[in-house]
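# Structure assessment
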Amino acid sequence: MLGTAQLGFQYGIANISGQLSQHKAEKLLNFAWNSGIKTLDTAQAYGKSEQIIGNFSRANPKRVFHVITKLSPEIDPNNSKEIRLSNNSSWVRLGVPPGELLIHDARLLRKWDGIFGETLTAMIANGELGSVGVSVYEPDEFQQALKIPEITSIQVPFNVFDRRLRNFGLLSEAIKLKKKVFVRSIFLQGLLLMHPEDLPHKMAFALPTLIRWQKLCQDYFISPLQAALGYVLSEAPEASLVIGSETTRQIEENITILKKPSLNPNFIDALNNFQVDEPRIYKPTDW
């Protein structure tokens, strides 16, 4: 599915083109649709992303994406009226029938046994939304989501540098419980695809790791793009992929990689042995 944070603001450490204009956004969405991508991932917190998607949907009634959006992290979990109004406003902006709503701030799961969970459960029963999921960052948040039957999908970061989804056995647990898993941050906001010389000064702490990563890819004659995407495909084959793109060319490149044969098992082993010991390197919230 296509991640759409870039429609609402300048997203990603490697983003040099800035926020997309309405025209470029429409071109990107058209290209995604024509390429077979029929699902969009967005959020109330992604600037005007929902509005831009809605403009596209209304202008192209035969090209209506399935949309997954996220509840504002600023929502009051004890205010049922506010939760309902916020959700309904999203679907009005998006111009599509109510679909999947994710909890953007996983800390709100602590409020599930109360007004928050009761309201969302009732909204599903009333047809105000299709289903409820959650966007998590930490393994303990993932495990907490597994324990809530009404949470049917979990969005989680997973990439070559951040392998906690695999190391903690979280994906297999989710599959056993028949919960959908959406993997995001596959390129770590573009860090995995950057040339070391382009790394911002504030990210100097990640330079040695980035150089090691680039060298490993070079040793196996594989591009960082193919290595990063191929690794996730190999280690999380049951998951859906959320990939943001700023240009049609990026979408095309990603689809090309998806059609390539699987990575060499020896290279997969080398990637699994690639250690990233400093957590802030793979936690954009700490950048």
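So, a few notes on the structure that sits alongside this text.

Reading the values: rules and limits
Residues numbered from 1 in each chain as written. Predicted model: local features only at pLDDT ≥ 70, side-chain atom pairs only at ≥ 80, totals over all residues. Heavy atoms only, no water. Core = buried A, V, L, I, M, F, W, Y, C linked by side-chain atoms within 4.5 Å. Buried < 20%, exposed > 50% of the residue type's maximum accessible area, 1.4 Å probe, protein only. Helix = DSSP H or I, 4+ residues; strand = E, 2+ residues; numbered from the N terminus. Contact = heavy atoms within 4.5 Å. Expected span 1.5 Å × (residues − 1). Bend = angle between axes of the 7 residues up to and from the residue. Axes fitted to C-alpha atoms, helices over the stretch in contact; angles between N-to-C directions. Parallel < 35°, antiparallel > 145°, perpendicular 65-115°, else oblique. Nonpolar A, V, L, I, M, F, W, Y, C, P; charged D, E, K, R; others polar. Right-handed = clockwise from strand over helix to strand, strands pointing away.

### Let's talk about the nonpolar core
Of all hydrophobic cores here, the largest spans 67 residues; its most connected members are Ile103, Leu120, Phe142, Ile151, Phe161, Val183 and Trp213. Broken down by element, this core gets its largest block of residues, 6 residues, from helix 10 (residues 224–235). Formed by 20 residues, the second largest nonpolar core is a distinct cluster that contains Leu28, Ile37, Phe65 and Val96.

### Some details on the side chain of Thr42
With respect to the helices and strands, Thr42 occurs in the loop between strand 2 (39–41) and helix 3 (49–59). You can call Thr42 buried: its relative accessible area is 0%. Every residue in contact with Thr42, bar those within four places of it in the chain, is listed here: Thr4, Ser49, Glu50, Ile53, Val67, Ile68, Thr69, Lys70 and Leu94.

### Here we look at helix 5 (residues 112–125)
Taking 1.5 Å of rise per residue, 14 residues should cover 20 Å, yet helix 5 covers just 16 Å from first to last C-alpha, more than 12% shy of that figure. The largest bend along helix 5 measures about 35° and falls at Glu118. Turning to helix 5, its buried residues are Trp112, Gly114, Phe116, Gly117, Thr119, Leu120 and Met123. Residues of helix 5 that are buried make contact with strand 3 (66–71), helix 4 (80–94), strand 4 (100–103), strand 5 (131–135) and strand 6 (151–157). Remark: Gly127 follows helix 5 within two positions and exhibits a positive phi of approximately 80°.

### Regarding the packing of helix 3 against helix 4
At their nearest, the axes of helix 3 and helix 4 sit 6 Å apart, and the two run at 45° to each other. Put simply, helix 3 runs oblique to helix 4. Residue-level inspection shows Glu50, Gln51, Ile53, Gly54, Ser57 and Arg58 of helix 3 in contact with helix 4, the latter providing Ser90, Val92, Arg93 and Leu94. Residues of the contact of helix 3 with helix 4, tallied by class, amount to 3 nonpolar, 4 polar and 3 charged.

### Some thoughts on the pairing of strand 5
Walk down a regular strand and you will see the side chains alternate between the two sheet faces. Across the 5 residues of strand 5, 5 count as buried, placing the element largely inside the fold. Neither face of strand 5 is left uncovered, since the one carrying Ser131, Gly133 and Ser135 and the one carrying Val132 and Val134 both have all their residues buried. Read as a crossover between parallel neighbours, the route from strand 5 over helix 6 (residues 139–146) to strand 6 is right-handed.

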